[in-house]
Amino acid sequence: GEWKRCAANHLDDLLGSWPQVRRELRRVLDGREWEYARILEPHESGHAHVHVAVFLKGPIGEQAFRPVMETHVENTLAAGWEAHKPEGDSVSVHDGRANEGVENIAAYLSSYVMEYGQDALEAPEHEQRFDALLWATGRRRWSLSNGAQEWAAFEEPEAEGEWELTK
């Protein structure tokens, strides 16, 4: 829109709401087992938006995330409510079944980071600028909750024969 803000300051604004959003997630999901992955995605403008994937046991509806989205909008200077309504397309719930549209959650989430096998220097220019912005500001493109980090941890396979894992 008419609102102008440099990409670095916009990123600060966007991530500045994260402590409040995470606290609201804890409140909304209290008593449930859950973990998250947070991923930054660049727009062609150079500005970012954030995707938060929440993994939890048991059913939940989009409206459960209304207070989380409200917290984000209230604590992020550039966030508007119209783009963050749970009944719109800002919240989607998948139960893990193949017919839900997401067959491989790891592949789906990693597609926001980079296409598999893509050379960073062959990425579109706006993505290269975004990568430079992340490097210059000391930010990561994605982060995981502690439990999600444990799920993603690499476990060395049992060695068989003369093979040895080196990397």
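Further up the page is the structure itself.
Note that this is a predicted model, so its numbers are computed, not measured.

Colleague: How should I be thinking about the pairing of strand 2 (residues 48–56) in this particular structure?
Modeller: Pairing of strand 1 (residues 34–42) with strand 2, which is carried by nine bridges, proceeds in the antiparallel orientation. Opposite Trp 34, over in strand 2, you have Leu 56 as the bridge partner. Between strand 1 and strand 2, which pair antiparallel one after the other, the connecting turn spans five residues, and Gly 46 there sits at a positive phi close to 100°.

Colleague: I'm lost on the sheet that holds strand 3 (residues 142–144) in this one. Help?
Modeller: Across a sheet, paired strands are connected by hydrogen bonds in the backbone, their directions being either parallel or antiparallel. Overall, antiparallel pairing links the three strands, which are arranged 2-1-3 in an open sheet. What marks the edges here is a single partner per strand, and that holds for strand 2 and strand 3. For this sheet the average axis-to-axis angle between neighbouring strands, irrespective of direction, equals 10°. Those strands touched by helix 1 (residues 7–16) are strand 1 and strand 2, and its axis lies near 25° from that of strand 2. In the packing of helix 5 (residues 125–137) onto the sheet, contacts are made with strand 1 and strand 2, and the angle to strand 1 comes to roughly 120°.

Colleague: Hey, could you run me through the pattern of salt bridges in this one?
Modeller: Oppositely charged side chains can pair when the atoms bearing their charge come close. What the rule picks out here adds up to six salt bridges. Two residues, Arg 139 and Asp 12, come together in a salt bridge whose shortest N-O distance is 3.1 Å. You can see Arg 139 sitting in the loop between helix 5 and strand 3 and its partner Asp 12 sitting in helix 1, a full 127 residues away along the chain. Given a relative accessible area of 29%, Arg 139 falls into the partly exposed group.

Colleague: Even after reading the chapter, I still don't get the side chain of Thr 71, so can you show me in this structure?
Modeller: With respect to the helices, strands and loops of the structure, Thr 71 is situated in helix 3 (residues 66–75). For Thr 71, the contacting residues outside a window of four places in its chain are Gln 20, Val 21 and Glu 24.

Colleague: How should I be thinking about the packing of aromatic side chains in this particular structure?
Modeller: Two measures describe an aromatic ring pair: the distance that separates the ring centres and the angle between the ring planes. One pass over the structure, following the stated rule, counts two aromatic pairs. Ring plane angle 70° and centroid distance 5.2 Å describe the contact between Trp 18 and Tyr 36, whose orientation is recorded as edge-to-face. With Trp 18 in helix 2 (residues 18–28) and Tyr 36 in strand 1, this pair connects stretches of sequence that are 18 residues apart. Given the relative accessible area of 9%, Trp 18 is considered buried. The exposure class assigned to Tyr 36 is buried, which follows from its relative accessible area of 9%. Ring centres 6.4 Å apart and planes at 35° place the aromatic pair Trp 34 and Tyr 36 in the tilted group. Here the two residues Trp 34 and Tyr 36 agree in accessibility, since each one is buried.

So, how was this worked out
Residues numbered from 1 in each chain as written. Predicted model: local features only at pLDDT ≥ 70, side-chain atom pairs only at ≥ 80, totals over all residues. Heavy atoms only, no water. Pairing = 2+ DSSP bridges. Helix = DSSP H or I, 4+ residues; strand = E, 2+ residues; numbered from the N terminus. Axes fitted to C-alpha atoms, helices over the stretch in contact; angles between N-to-C directions. Contact = heavy atoms within 4.5 Å. Salt bridge = Lys/Arg side-chain N within 4 Å of Asp/Glu carboxyl O. Buried < 20%, exposed > 50% of the residue type's maximum accessible area, 1.4 Å probe, protein only. Phe/Tyr/Trp six-rings, centres within 6.5 Å; stacked < 30°, edge-to-face > 60°.

Keep in mind these numbers describe shape, not what the thing actually does.
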